[in-house]
Amino acid sequence: MPVQEAYRQLNAVQRSMTPDQLMAAKLDIMRPYRTRNILVGGGLLGFVFGVYAYSMYKTGHDDFDTLPATIPRPPSTPDASKPVHQ
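Note on numbering: residues in each chain are counted from 1, in written sequence order. Restriction of local features to residues with pLDDT of at least 70 applies here, the model being predicted, together with a cutoff of 80 or more for giving and counting side-chain atom pairs; totals for whole chains, interfaces and linings are based on all residues. Note that water and hydrogens are dropped before the side-chain values are worked out from all heavy atoms of the structure.

Draft legend 1. Main features of the overall build of the protein chain. Scanning the protein chain for helices and strands turns up two helices and zero strands. Partly exposed residues are those whose accessible area sits between 20% and 50% of the maximum for their type, while under 20% is buried and over 50% is exposed, using a 1.4 Å probe and protein chains only. The proportion of buried residues among the 86 residues of the protein chain is 0%. Helix and strand definitions follow DSSP, with helices as H or I runs of at least four residues and strands as E runs of at least two, each counted in order from the N terminus.

Written out as structure tokens, the structure reads:
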């Protein structure tokens, strides 16, 4: 069936329905997709929260008390942007 003929038939069916009937028909058509989309969305959401919880768990055990309060700086080198006085 050519696409143009399918659109003509679809338009004829839509014109014969009331808006409530049309909405009910669209909801019936989308019902299997809605269930699958909810399952996929739930799986993705679970994965994202799982990665977040795992990363918080792993980084929450870091102990920084053993580090010295001040970190010694390396010896400074002359800055190339400043002119050298002779």
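There's plenty left to go through after this.
Draft legend 2. Structural detail: the pattern of salt bridges. What counts as a salt bridge is simple: a side-chain nitrogen of Lys or Arg found within 4 Å of a carboxyl oxygen of Asp or Glu. For the structure on display, the rule yields one salt bridge. Here D28 and R31 are joined by a salt bridge, their closest N and O atoms 3.3 Å apart. Taken as a pair, D28 and R31 lie in helix α2 (residues 19-59) at a separation of three residues, close to a single helical turn. You can call R31 partly exposed: its relative accessible area is 44%.

Draft legend 3. Structural context of a nonpolar patch on the surface. Nonpolar side chains collect at one region of the surface, where L45, F49, Y52 and M56 lie side by side and expose about 460 Å² of accessible area between them. In this structure, Y52 sits in helix α2. Each patch is assembled from residues with relative accessible area greater than 30% and no salt bridge, linking like charges that lie within 9 Å and nonpolar side chains (Val, Leu, Ile, Met, Phe, Trp, Tyr) that lie within 5 Å. The accessible surface values rely on the Shrake-Rupley method and a 1.4 Å probe; as for residues, cover is taken only from the protein chains in view.

In short, shape yes, function no, at least from these values alone.
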